[in-house]
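# Remarks on the overall topology
Each chain, written out:
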Amino acid sequence: MTRKIAVSGSASGIGRALAGLLREQGDQVIGIDLKDADVCADLGTRDGRALAVESVLRLAGGALDGVVACAGVAGGTPLTVRVNYFGVVALLEGLRPVLAAAPAPRAAVVCSIAGGIQPVDPDVVAACLEGDEDAAVALAERAIERGAGALLYPSSKSALARWLRRVAVTPGWAGTGISLNAIAPGIVLTPMTAPLFADEAMRAVMATAVPMPLNGHARPEAIGEALRWLISPANTHMAGQVVYVDGGAEATVRGPDVY
Ligand code: NAI
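Figured I'd write up the structure that's included with this text. (Residues numbered from 1 in each chain as written. Predicted model: local features only at pLDDT ≥ 70, side-chain atom pairs only at ≥ 80, totals over all residues. Heavy atoms only, no water.)

Turning next to the sheet that holds strand S4 (residues 66–69). What the seven strands build is an open sheet, ordered S3-S2-S1-S4-S5-S6-S7; its pairing is parallel. Here the strands that pair on one side only, and so sit at the sheet edges, are strand S3 (39–40) and strand S7 (242–245). For strand S6 (residues 179–185) and S7, the ladder comprises four bridges, and the chain directions are parallel. Looking across to S7, one finds that Ala184 is bridged to Tyr244. Together, strand S1 (4–8), strand S2 (28–33), S4 and S6 form the strand contacts of helix H1 (residues 13–24), whose direction differs from that of S1 by roughly 165 degrees. (Pairing = 2+ DSSP bridges. Helix = DSSP H or I, 4+ residues; strand = E, 2+ residues; numbered from the N terminus. Contact = heavy atoms within 4.5 Å. Axes fitted to C-alpha atoms, helices over the stretch in contact; angles between N-to-C directions.)

So, in structure tokens, the structure goes:
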């Protein structure tokens, strides 16, 4: 049976790889991105998120089996918080009621090793979890003013992981049969990281900060394969998990006592 899966960030990197894998197995993919997608919408804005939800539901004919939120941006600006946290949460919450009616509904998001092992701005994380986008953006601007913009990407991903762990087990998600989980990649070779690899000093920083003893930096298909399983009917019992697909980086950095 053809499953209908919405994938954000489908025009590039991990989202694009996942969309290809899903289409290969016969799924109908409804891609969402800024351009080159079935649904062109800006998940950094409230209007864009509403347009995305409405357009996906229209293209899906009102029935959806899965949603995967891959769209994200790197960098230390308020946009990072808008897209990586509020864009993801609004898309998932907007599609949840329709998803809940599917026979084997699944949802997944892409977090990051950065959200697990790097320092965050706790106030930004708290504002995200309170659902207060204006406050989160104001706090992000304050972080930039004091030279702490680098905290914003890890903060956006940490907040996303916490949101997911909080809601995944609630009646609205697990209670309606929706499995909601995350993949947290290490460093993946995509257009997002290409500029970092072009800089020799940055390559050294990445090697130290995100050591990947298993097979080194990942291709986007490696993350796509993990996401594909998370949203497959075979995944009947995973809920609220942030799964590191990171070449061993998280285990190396956090050690054996965190699991
Ligand atoms: P990418 O830059 O290749 O793809 C991201 C896609 O998201 C692009 O097609 C872009 O147009 C789309 N996007 C960005 N802002 C958007 C918006 N406002 N509205 C709609 N679409 C938007 O990046 P990549 O590497 O594939 O990243 C995918 C996800 O994986 C992101 O959430 C990223 O934070 C996460 N990630 C990536 C890692 C890496 O090393 N590449 C490591 C850990 C996490």
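The subject of this paragraph is the packing of helix H2 (residues 46–59) against helix H3 (residues 78–99). Where H2 contacts H3, the axes come no closer than 9 Å and their chain directions differ by 35 degrees. Along this stretch, H2 crosses H3, giving a crossing that reads as right-handed. In this structure, H2 contributes Arg49, Ala52, Val53, Val56 and Leu57 to the contact, and H3 contributes Arg82, Phe86, Gly87, Ala90, Leu91, Gly94, Leu95 and Val98. Broken down by class, the residue content of the contact of H2 with H3 amounts to nine nonpolar, two polar and two charged. (Left-handed = near helix turned anticlockwise from the far one by under 90°. Nonpolar A, V, L, I, M, F, W, Y, C, P; charged D, E, K, R; others polar.)

Buried within helix H5 (residues 122–129) we find Val124, Val125, Ala127 and Cys128. Seen from one end, H5 has its buried residues packed into an arc of 165 degrees, which puts them on one side. Of the surrounding secondary structure, the elements contacted by the buried residues of H5 are H3, helix H6 (133–145) and helix H7 (152–167). The N-terminus of H5 is capped by Asp121, whose side-chain oxygen sits 2.9 Å from the backbone nitrogen of Asp123. Just downstream of H5, Gly131 is the residue with a positive phi angle, here 75 degrees. (Buried < 20%, exposed > 50% of the residue type's maximum accessible area, 1.4 Å probe, protein only. Arc of directions from axis to C-beta. Polar contact = N/O pair within 3.5 Å; in protein donor to acceptor, adjacent residues only side chain to side chain.)

For the rest of this paragraph, the subject is the site of the ligand. Around the ligand there are 29 residues in total, and Ser12, Asp33, Tyr153, Val188 and Thr190 lie nearest to it. Here Asp42 contributes a side-chain N or O atom positioned 2.8 Å from a nitrogen atom of the ligand. Within the side chain of Lys157, an N or O atom sits 2.8 Å from an oxygen atom of the ligand. Computed on the free molecule, the ligand has an accessible area of 820 Å², of which 91% lies beneath the protein chains in the complex. When contributions to the shell around the ligand are tallied by element, the ones reaching two or more residues are H1 and H7. A breakdown of the residues in the shell around the ligand according to their chemical character gives 17 nonpolar, nine polar and three charged. (Near = heavy atom within 4 Å. Areas by Shrake-Rupley, 256 points an atom, 1.4 Å probe, with all protein chains shown as cover.)

Attention now goes to the pattern of salt bridges. All told, the structure shown has 10 salt bridges when counted by the stated rule. Between Arg46 and Asp134 there is a salt bridge, with the nearest N and O atoms lying 3.2 Å from each other. One end of the pair, Arg46, is in helix H2; the other, Asp134, is in helix H6, and 88 residues separate them in sequence. The partner of Arg49 in a salt bridge is Glu133, with the nearest N and O atoms 2.8 Å apart. (Salt bridge = Lys/Arg side-chain N within 4 Å of Asp/Glu carboxyl O.)

Although it is not a glycine, Asp36 sits at a positive phi angle of roughly 55 degrees. Relative to the assigned elements, Asp36 resides in the loop between S2 and S3. One non-glycine residue, Asn215, adopts positive backbone phi at about 65 degrees. Within the element layout of this structure, Asn215 appears in the loop between helix H9 (200–209) and helix H10 (220–230). Classification of Asn215 as exposed rests on a relative accessible area of 72%.

Limitation: the analysis is restricted to geometry and does not speak to function.
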